[in-house]
Structures are given as structure tokens and as C-alpha cells.
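Structural characterization, general
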Amino acid sequence: MSHLSQRPEKPVVGLPMPHESAGQHVTGSALYTDDLVHRTKDVLHAYPVQVMKAHGRIIALRTESALAVPGVVRVLTGADVPGVNDAGMKHDEPLFPDEVMFHGHAVAWVLGETLEAARLGAAAVEVELDERPSVITLQEAIAADSFHGARPVMLAGDVDAGFADSAHVFTGEFQFSDQEHFYLETHAALALVDEAGQVFVQSSTQHPSETQEIVAHVLGLHSHEVTVQCLRMGGGFGGKEMQPHGFAAVAALGAKLTGRPVRVRLNRTQDLTMSGKRHGFHATWKIGFDAEGRIQALDATLTADGGWSLDLSEPVVARALCHIDNTYWIPNARVAGRIAKTNKVSNTAFRGFGGPQGMLVIEDIMGRCAPLLGLDPMELRERNFYRRGQFTPYGQQVGQPERISAVWQQVKDDGRLADRRREIEAFNAAHPDTKRALALTGVKFGISFNLTAFNQGGALVLIYKDGSVLINHGGTEMGQGLHTKMLQVAATTLGIPLHKVRLAPTRTDKVPNTSATAASAGADLNGAAVKNACEQLRDRLLQVAGTQLGANASDVRIVEGVARVLGNDTELAWDDLVRTAYFQRVQLSAAGFYRTEGLHWDAKAFRGSPFKYFSHGAAAAEVEVDGFTGAYRIRRVDIVHDVGDSLSPMIDIGQVEGGFVQGAGWLTLEDMRWDGGDGPGRGRLLTQAASTYKLPSFSEMPEEFNVRLLQNATEEGAVYGSKAVGEPPLMLAFSVREALRQAAAAFGPAGVSVELASPATPEAVYWAIEAVRGGVRCGGHAGDGGEVPDDTSTLSHA
């Protein structure tokens, strides 16, 4: 076992621990960025001037009437920017634009003594606009050839030969929805400038170093003149990886110009109308199977709705291409990706980062084609699982393919799937207007940033004379439990009780040049960096302990806060050891660092090994559907998920549960609507609140929810043998959508392929049932003469 993976005697990692801030969360004492306003003197409040048109050139921006509003201090415009007027990393996101690019685009910000004064001032600003044509939907963008950014193509094998060798070939298309992050805490920033001109920004950001970089270049400063701190976030899910930068820059600019602290905090409607979502996608595809139902070839084009600027759309599309295979070997593939440029908010990272979109395409294909191949969907999926020695379409060998089958089989056994499917058949036979179904789907998700440079982490660990320990690391806490795991890693590595260790807020002046807390890599990168720093300190202390105990340092172990010599009863308490080290002038601080080894990626060729390892999981979902309304309930879910040797099992199980529910929301409930008409509201987001945008609640939770972590699953080469957990569980929710598809099919004759919209809302399920009941063939099959009418389906036999 590697040094990084090996666990010492009596480790603190692996123990079920509550979230380190759980008590503060439930009592309301946990501080978030906007709470700091009440602890800060003379704060000014910023309010955006939003233009409620989808597209147009600004002819005039008149601020005089705003300055006449009582309590308004200043109006920030592009003329005030001393540095670069851009809030993005691609230089395509002007902070103060001269062209409105989406409905609700902020073109100026008003600073007021109160939030109400700033709001009234923003309402008084006059914006004269030369309206221009807009592109709102993916279909409009495709028709207008409106694209931006890279257009990657992933090639494997000989696609034409693969289709020639296929016994069955199907074609189809599929469009599925975007998704709102709807974190509990909206975007927020608080900036102030000290007497030396140092800019200090409190920001709800997943990427403090990048926020620091953007603020610096907007203000025309160097990074060492800007410090960004993130206490914690009330949720992020990727939405706070790139998009907080502009809001932090507005606050910092206001503070620099006025000399007073400035607060930016979006209300819910502003957050929904100004910040990006998960990318909605459109896919066209052609797939070939052999006579046994094994995939021979895939040819697909994935189009992502990028919105008005690139943001993270390019890596999102890249990851979608890398995950279109999911758990299935596709020997011959040609998959193209492109980014539609639309007049909507700039879509951004969201848990899974394109992986869910790519995987949804292949899972939809498998669910639609299984009946046409005369195979049970579960059997079709099993026949196509990766096996030892096989490679992904982008050229990376799939390690641990046996875990794909292991989690799958454990779900089948633990969930009594064979028995329950027989029970469901009996139930369906006796109930013509209510049907049940049970579906099983798997997940293979690559862990690491697609951009190799981001796969690094840093930490700073301090030991004080009294034996207490303070750790700083580059990761941010958004409720996912990263800080809890880092405390456990530090305590384990130093060999001390958990109560000896405390964690400081994430700050750019403690750990520089950090990567975003994203890609599910937060614990891998920062945990290894914390471990590295603690190992440096432990090795120094072991030298001191060896001298004090009359032994070689290599024979001393620190366990549960006591240094002991192997085979000897002599010991030295941790506090005494630290005090002795101080008087011997031993350095009691260390900077740790980690870089993920073995990664390589050629973005142009779309080839390489971009992932350190793959996380695996499987989920079985049982649903019951009402044939009159399409309403449904999730009766039971069984999940087995691979997190390696868990660093913190209670945290990881919570992440699996939360990820699954969020995925089920995306796939079945969250129906984002935009005004695509030609009226004055064109481009407006219609689902601007929880009253119109349906989020998962307790009523949508599975009535029985069983989650298990795969046991004896050490991940070689990862911190203490663990694996990432944040994103992969979201895709386990494919099982719910596939169960709904099978339940709808149960209302009609056998062998019918059901087309199901995404999100599969009760309305969508109802129309799928109606199509089945009406005898509408939702798919064709080789040799059966069942060509598909163009107006009834998007799946056909080629």
C-alpha cells in the first residue's frame, strides 16, 4: 500500500463524525458572508441596475436622477473601473457592459446608505437601449449557427466499420433541461479597504484565489494587495465557482472608491435572474448493437446551452464527452461537442460538471433501445459493462472495472430485486390504472479536474506551544463536510485527539494559488496537502521524542496524543513533547503541498488519462405511477456507493443521500421555463421563485431509503485510501427516471420504447402513458416494419 493510502494505528479518519459546524447550523450561530455586515461599521449597500430586455446596445446611461435619491452615495459604472472591466477568466464578461446580453443583465450598481435607498436609486437610473434580435432557445441557436468556444471531437476505433458490423442501428435525439442551483445562501460579498490600501473581501466563493485574481485585475492591483476570505457557504453546488467573482469585484470597487465597506447580496429573484445554471443540452445520436445487444458504435453530437459568455462551458462540454460512456464499453465512437451562444445567463458549473449530461444521453439510449432489442433494461446494461483491460473512448484504461459489477450485484442482493420484480409483475397485473416499476442504473465517474494544472492543493499547519493545532487549507466549506474531513486527517496524521485540532477560515493570504473546491477533488487535494504538512511536523517531533525517550526516532509512534517507543513502556505526552520542541527551537509550522500524479491530457486531440481514478455506484429505484394523472411516488431506493475507505462515513452517507435527491430533482421535478415568445418579456426567466420552480422536498423523498458504502474498497494512491463523494451520487438518480419510463411502458403492450421528457414531471409521465395507451409506437425495431412517424417520436431505426 502506498504511503498516502496507509492508515496508522487508531486513526481518527474512518470514524463517523457529525459535521464540524452542525451545532452552529442548527442553532443559527454559524456566520455566513452577509452576517458580517452587522459586525461592520458604516457599510454601504449595493443594488444592481438590471435591464429587462434580452439583447441590445446601450445608447445612454443616465445616473443623475439616482444621485438625487436620498441616501444614494454613488453609482458605479464602467467609467469607474481603474483596471480591466471584466469579471471572467475568458475576458468575455464585462463587469459593466455596454451591450445587454440577457434579460436582467446588470449594467450599473448603486451604492446607498441603506438597501432601500440603493434600490430606489437603481430604479431611478435611466438606460436607453437599441434593442437587437435575441437567441433564446437551443433550437434557435442551432438554426442560427450561434456557437462560441471550442468544438471538441472524441474519436475511438472505426465508427463506420462498427455500424457496418451492427445487427441493429437506431437514431434519435434528446433535449433535457437546465437546473437552478438554488443554494440557501444567495451570492454575497463584503469588501473593505484598510489604512494601507489593502483590499479585504469576504466572499461566498468556491474559488477564493480566482476571486482574488479577478478583484485585483478589476482594481488594477497585484494579487498581494487583495485578500479574499470565505468563512463558509450556505450551499454552492458549483454555482459559486466562477460567478461570485464579479459580485466581489463590485463590492471591492465600491469600497476602493468610497473608502467605506460595501456589501453586495442578491435577493432570491436577482440571484435566479443574474446567475448561471446547469447547462441544458440537446443531443443527436446514432447507436449500433450486435445481435446479443452489445454496443458496437456510437455517433453523437452534444450541444450545450452556454448562455451569453463562455464561463466554464468548455470544460463542462469536455467532461460531458468524457462521461457519455458511463459504465459501458463503446469500442467505436465519434462524439462531438459544441456550445450554443444564447441570450440567457451564462451557464456554469453544477454538481457533476457536464458528467450528468453526458451520462444521461447514454442512459436514455439504453432505456429506449432495450425493448426494441427484446432485452430487459437491466440485462442490456449488464452486457455492456466495462471489463478488465478495456479503455474509454478518450484512451484511459478503466481501473477497477470489477467494482462496476460489485456495487451492481450488491444492490441486487441487498434490495431483493428478483423477488420484488415478481411482486411488481403481480401488482401490475391486478391494477390496470396504477403501475409499479423497478430500475437499476450504475455510475462510473472520473475524479480530477480536466485541466491538469488545477490538480494541486496546499495547506498551512501551525502547532502552538500549548499543544493545540490550527490548520489552514485551500478548500472551502459549503456544507459538504470538507472541513470535518480535514480535521480528521490532521488528527490522524499527528496522532492526537480530534479536540486538539482547530480549523481556520479559508484565506488567500494563508494558502496561495489554490484550486476551486470542485470536481469532487476537495478532500483528495487538500487532504493530501494537510497530511503532507502534518507529516513534516510529526517527523520533527519524532526526532525530539526519540532524544527524550532514549530511542531512535523511527521506533517512536505518536498515538492518541502520547509518544511511545515500540516495545517499551516509556512515553511522553503530546503537550510536553511540543513544549520541549519549542525550547529546542524546532519549527512548529509547516506548509504542505500535493499534486496529483499520473495525469495527462491533450485537449486538442481529446486523448489521455485525465482522471486519477473512477468512483462507482449503483442505485435501484422503485416507483408507483397513477395512470390518470402521471403522479408518482418513489417507494424505495437502494444504493451502494464506492467511496474507497471513507474518511468520515456519516459525512459520506449524507453526501450520497443529498446528491441522489438533487439528481432526482433535476431529472423529475425542476422544470425551468424561459419566455421564448416575441413579446416584451422575451428572454425572461419565468420560474423566478420556489413558487414556480419545484424543488425536491420531504414529500418527494423515497419512502424507504437505504444507503450503504462499499466495504473493503481501499483506493491505492489517495489520501488514507478514500475516494471522492461529492458529485458521483447525483447520477444515481438515473434509476428514478428509468423506473418511471418502465412504469409508463407497463400501461401498454410489451416491447414498446417509451420516450420520456426530462425533467420527467407528472405531466411528462402522463403524456408518455397516453402515447403508450393510444398505441403510438415510440420506437422502431429492425425487421418489424415499425418506422416511427416523425410527429410521435425522436427515436427511429436507421
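Before reading further, recall that the structure is shown in the block above.
Being a predicted model, the structure only gives us computed values, none of them experimental. (Residues numbered from 1 in each chain as written. Predicted model: local features only at pLDDT ≥ 70, side-chain atom pairs only at ≥ 80, totals over all residues. Heavy atoms only, no water.)

**Digging into the pairing of strand β9 (residues 188-193)**
In this structure, β9 lies alongside strand β12 (residues 262-265), joined through four bridges in antiparallel fashion. From the neighbouring strand, alanine 189 faces β12, where its bridge partner is valine 264. When β9 meets strand β10 (residues 199-203), the two strands line up antiparallel, connected through five bridges. Bridging from a neighbouring strand, valine 193 pairs with valine 199 of β10. Linking two consecutive strands that pair antiparallel, namely β9 and β10, is a turn of five residues; a positive phi of about 85° is found at glycine 197 within it. (Pairing = 2+ DSSP bridges. Helix = DSSP H or I, 4+ residues; strand = E, 2+ residues; numbered from the N terminus.)

**Remarks on the packing of aromatic side chains**
The description of an aromatic ring pair rests on the distance of the ring centres and on the angle between the ring planes. This structure, assessed with the given rule, holds 18 aromatic pairs. With a centroid separation of 5.0 Å and 45° between ring planes, the pair formed by phenylalanine 174 and phenylalanine 176 is classed as tilted. Of the two residues, phenylalanine 174 and phenylalanine 176, both sit in the buried class. Taken together, a centroid distance of 5.9 Å and an interplanar angle of 10° make the contact between phenylalanine 176 and phenylalanine 281 stacked. One end of the pair, phenylalanine 176, is in strand β8 (residues 168-176); the other, phenylalanine 281, is in strand β13 (residues 281-289), with 105 residues separating them in the sequence. Exposure remark for phenylalanine 281: the relative accessible area of 0% places this residue in the buried category. Chaining the aromatic ring pairs together yields one cluster made of Tyr394, Trp601, Phe606, Phe611 and Phe614. Over the aromatic face of tyrosine 582 sits the side chain of lysine 465, whose NZ or CZ is 4.7 Å from the ring centroid. (Phe/Tyr/Trp six-rings, centres within 6.5 Å; stacked < 30°, edge-to-face > 60°. Buried < 20%, exposed > 50% of the residue type's maximum accessible area, 1.4 Å probe, protein only. Lys NZ or Arg CZ within 6 Å of the ring centre and 35° of its normal.)

**A word on the packing of helix α17 (residues 649-668) against helix α18 (residues 734-745)**
Running from amino to carboxyl end, α17 crosses α18 at an angle of 40°, the nearest separation of the two axes being 8 Å. Overall, the two elements α17 and α18 adopt an arrangement that is oblique. Facing Phe660, Trp666, Leu667 and Thr668 of α17, the residues of α18 in contact are Phe734, Ser735, Val736, Arg737 and Leu740. Here the residues of the contact of α17 with α18 sort into six nonpolar, two polar and one charged. (Axes fitted to C-alpha atoms, helices over the stretch in contact; angles between N-to-C directions. Parallel < 35°, antiparallel > 145°, perpendicular 65-115°, else oblique. Contact = heavy atoms within 4.5 Å. Nonpolar A, V, L, I, M, F, W, Y, C, P; charged D, E, K, R; others polar.)

**Details of the side chain of threonine 342**
Mapped onto the elements, threonine 342 comes out in the loop between β15 (333-341) and α10 (355-369). Sequence-distant contacts of threonine 342, defined by excluding residues within four places in its chain, comprise Val135, Ile136, Thr137, Ala141, Asp305, Gly307 and Trp308.

**Topic: the pattern of salt bridges**
For side chains bearing opposite charge, pairing can occur when the charged atoms are close. Summed over the entire model, instances satisfying the criterion amount to 62 salt bridges. Across the pair aspartate 638 and arginine 420 runs a salt bridge, and its minimum N-O distance is 3.3 Å. Taken together, the residues aspartate 638 in strand β28 (residues 632-641) and arginine 420 in helix α13 (residues 417-430) connect sequence positions 218 residues apart. The network of salt bridges with common partners includes Arg420, Arg436, Glu622, Glu624, Arg633, Arg635, Arg636, Asp638, Glu703 and Glu704. (Salt bridge = Lys/Arg side-chain N within 4 Å of Asp/Glu carboxyl O.)

**Considerations on unusual backbone geometry**
Each neighbour pair has its own omega, and for serine 758 with proline 759 the value is 15°, a cis peptide bond. Mapped onto the fold, proline 759 is located in the loop between α18 and α19 (762-773). Despite not being glycine, aspartate 42 has its phi angle at roughly 60°, a positive value. Of note, aspartate 42 is situated in the loop between α1 (22-27) and β1 (44-51). Take aspartate 42: its relative accessible area is 43%, and that puts it in the partly exposed class. Of note, phenylalanine 182 is a non-glycine position whose phi angle comes to about 50°, a positive value. Inspection of the secondary structure puts phenylalanine 182 in the loop between β8 and β9. In this structure phenylalanine 182 comes out as buried when scored by relative accessible area, which is 16%.

**Observations regarding the sheet that holds strand β19 (residues 501-503)**
The four strands are arranged β19-β18-β17-β24 in an open sheet whose pairing can be described as mixed. Taken across any chain shown, the strands that pair with only one partner, and hence form the sheet edges, are β19 and β24 (589-595). If you compare each strand with its neighbour and ignore which way they point, the axes differ by 25° on average. In this structure, strand β17 (residues 456-463) lies alongside strand β18 (residues 469-473), joined through five bridges in antiparallel fashion. Following the sheet pairing, alanine 459 is matched in β18 by histidine 473. Helix α15 (residues 522-549) rests against β17, β18 and β24 of the sheet, and its axis sits at about 140° to β24.

**Side note on the pairing of strand β16 (residues 434-447)**
For β16, the buried fraction is high: 13 of the 14 residues fall into the buried class. Across 14 bridges, the pairing between β16 and strand β27 (residues 613-626) is antiparallel. Of the residues in β27, the one forming a bridge with threonine 441 is alanine 619.

**Concerning the nonpolar core**
Burial of nonpolar side chains together is a common tendency in soluble globular proteins. Of all hydrophobic cores here, the largest spans 110 residues; its most connected members are Trp285 and Ile287. Counting residues per element, this core draws most heavily on β27, at eight residues. In this structure, isoleucine 287 is in contact with Phe163, His168, Val169, Phe170, Ile295, Ala297, Leu298, Ile362, Ile365 and Cys369, ignoring residues within four places of it in sequence. Membership of the second largest hydrophobic core comes to 53 residues, among which are Leu487, Ala533, Val556 and Ile558. (Core = buried A, V, L, I, M, F, W, Y, C linked by side-chain atoms within 4.5 Å.)

**Some thoughts on the sheet that holds β16**
Strand order across the open sheet formed by four strands is β16-β27-β28-β29, with mixed pairing between neighbours. The outermost strands of the open sheet, each flanked by one partner alone, are β16 and β29 (704-709). On average, each strand axis in the sheet is inclined to that of its neighbour by 15°, with strand direction left out of account. One ladder, built from six bridges, connects β28 with β29; its direction is parallel. Bridging across to β29, valine 637 finds its partner in phenylalanine 705. Across the sheet, α17 lies against β28 and β29, angled at about 130° from β29, the strand it touches most.

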